[in-house]
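# Inside the fold
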Amino acid sequence: MSAFALDNPLVREYVRELDAALVRLPAGQASELREQIIAHIADAVPPDATDEQVAAVLARLGSPAELAAEATASTPVRAADEAGLGGPQDDTDVRPPGRARSALRTWWFWVTACAIVAVVALVAVMALAAASKRHAAETAPVLLGGGAMSWWYPQDRAHEVDTSVDGASQSTVPIRSGQWQGFVIDLFNRSHYTQTVLGVASNGPSAFAGAGGNVGIIGVSTPNREVDMGGGSYTGVKFVLPGVIPPHQLRALRVLWISNTCLDRGSYEGNDEIALRVRVGPITRTEVVWLTQGWFVTGPSTGKYAVTSSWCR
Amino acid sequence: MTELRRGVLGPCVLALLSVRPRFGLELVRDLAAADGLLTSDGTVYPLLNRLRDAGLVTSEWRDDEGERARRYYSITAAGQESLAEFRSGWTHFAATVASVLGAASAPVATAGKGREQ
């Protein structure tokens, strides 16, 4: 196509009107006809043509509306063109590389567009599902303490004093300063998620037996029929960390600490809650678990540890 | 006449292409040389596309040295066959039309003369 033909304002205006008139044709058909008309103009208009000569060529072509009407009225719509493929009708119809590339571009455009839409939709669905799952996990009920419970060591069980005032229960044992003390309590997972106890949370109630007597060891029982059924005997039960509690199942939580403090007669320390780090589905959170009753140690500190340990000097 | 012209334009295109392949403007000019056959140059292109869709014409791009690439149209074997059928039918059809037109025009002329007399 001569540069002149394209640059001529009359031709530009004609092509613009042609594009507008062909808009109702299938894309491939319109593109082909446009290409043919432009090629015709380029061949028919010499480089040194005057505006009058250009106008005469365009007049002989017929108006864009007539061309579109001719193409629309008598040309069956081709499905391939509608799909933007515009492929040749037989093997011998070799299209120029540019046109072939254009058809391929159109084809690939739609394939790529569909793929992008599918990927975006998939990502959106996955994000929504993840958000929904996360939200469900965040709102899952925390672990519930209760059921069977007991001081862990026999010497504490032998001296425990249980009281209940105004619905508040408390179990108290003499402090054995410098020694391990602790209790075991059932934990029930009320949620639909497996909850895994990872350890003691640093940002919640977890202190037993003095400011320096934070919980030393916790553990969740491994599957044990007796514990799972709510039994109170922990003979032979193993406690592990992290401790997995499947949905709607019961496990035992053992809480042990070294009572590294000294208490005077009549003073006591303890807690009725413990903050645990728990993984729930895709999230990890702090759960403050209600221990059903208070677990307390009381003074006076006695025995050799009370005399020799640094805490009691 | 417009419809008749449209009806015969396709066979005329096939006839020109049966001589040798032609590119668009060349074909248009040859058709235009036959006076009264083309109402507008542009209508040839939708016709060529229809013929190609029907398998009667094919096209290929030629990029001759020193020339810009042009799409050349050729007649296919099916096109040759279709053209042959049209030619045989057209001869008979044109004779019939001429006969009818001739027969129909004679009484009118006679009557006119009669009235003149």
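Quantities reported herein were computed from a predicted structural model and do not represent experimental measurements.

## With respect to the overall build of chain A
Helix and strand counts for chain A come out as ten helices and eleven strands. Here chain A holds 313 residues, and the buried ones make up 31% of them. Of all intrachain contacts in chain A linking residues separated by at least 6 positions in sequence, the fraction that spans at least 24 positions is 76%.

## Examining the packing of helix H3 (residues 27–44) of chain A against helix H3 (residues 44–53) of chain B
H3 of chain B packs onto H3 of chain A with a crossing angle of 130 degrees between their chain directions and a minimal axis gap of 10 Å. Classified by the angle between their axes, H3 of chain A and H3 of chain B sit oblique to one another. H3 of chain B is crossed by H3 of chain A, and the crossing has right-handed handedness. Seen from H3 of chain A, the contacting residues are Glu-32, Leu-33, Gln-36 and Ile-37 of chain A; seen from H3 of chain B, they are Tyr-45, Pro-46 and Asn-49 of chain B. Looking at side-chain class alone, the contact of H3 of chain A with H3 of chain B contains four nonpolar, two polar and one charged residues.

## Focus: the sheet that holds strand S6 (residues 217–221) of chain A
On the basis of which strands lie adjacent, the open sheet formed by five strands has the order S1-S4-S9-S6-S7 (chain A) and antiparallel pairing. Only two strands of the sheet have a single neighbouring strand rather than two, namely strand S1 (144–151) and strand S7 (239–240) of chain A.

## Some thoughts on helix H4 (residues 51–61) of chain A
All names here are of chain A. Taken together, the buried positions of H4 are occupied by Val-54, Val-57, Leu-58 and Leu-61. Each buried residue of H4 lies within a common arc of 95 degrees when the element is viewed along its axis, so the set occupies one face. In H4, those exposed residues whose orientation departs by more than 90 degrees from the buried face are Glu-52 and Ala-59. Where H4 is buried, its residues touch helix H2 (9–21) and H3. After H4 finishes, the residue Gly-62 shows a positive phi value of roughly 100 degrees.

## So, the confidence of the model for chain A
All names here are of chain A. When pLDDT is averaged along chain A, the result is 79, and 79% of the positions lie at 70 or above. The spread of mean pLDDT over the elements of chain A runs between helix H6 (residues 79–82), the lowest at 35, and H4, the highest at 92. Across residues 75–95 the pLDDT falls below 50, and counting only partners more than four positions away or on other chains, this stretch makes 48 contacts in the model.

## Focus on the environment of Arg-24 of chain A
Structurally, Arg-24 of chain A can be placed in the loop between H2 and H3. Remark: the alpha-carbon pair of Arg-24 of chain A and Ala-68 of chain A, spanning 44 residues in sequence, is separated by 8.5 Å.

## A look at the packing of H2 of chain A against H3 of chain A
Residues and elements named next belong to chain A. Relative to each other, H2 and H3 sit at 165 degrees, their axes nearing to 11 Å. For the element pair H2 / H3, the angle class is roughly antiparallel. The hand of the H2/H3 crossing is right-handed. For the pair H2 and H3, the contacting residues are Val-11, Val-15, Leu-18 and Asp-19 in the first and Arg-34, Ile-37, Ile-38 and Ile-41 in the second. Taken together, the residues that form the contact of H2 with H3 break down as six nonpolar, no polar and two charged.

Criteria and cut-off values
- Residues numbered from 1 in each chain as written.
- Chains lettered and ligands numbered in written order.
- Predicted model: local features only at pLDDT ≥ 70, side-chain atom pairs only at ≥ 80, totals over all residues.
- Helix = DSSP H or I, 4+ residues; strand = E, 2+ residues; numbered from the N terminus.
- Buried ≥ 20, exposed ≤ 12 C-beta atoms within 10 Å, placed from the backbone.
- Contact = placed C-beta atoms within 7 Å.
- Axes fitted to C-alpha atoms, helices over the stretch in contact; angles between N-to-C directions.
- Parallel < 35°, antiparallel > 145°, perpendicular 65-115°, else oblique.
- Left-handed = near helix turned anticlockwise from the far one by under 90°.
- Nonpolar A, V, L, I, M, F, W, Y, C, P; charged D, E, K, R; others polar.
- Pairing = 2+ DSSP bridges.
- Arc of directions from axis to C-beta.
- pLDDT = per-residue confidence, 0-100.

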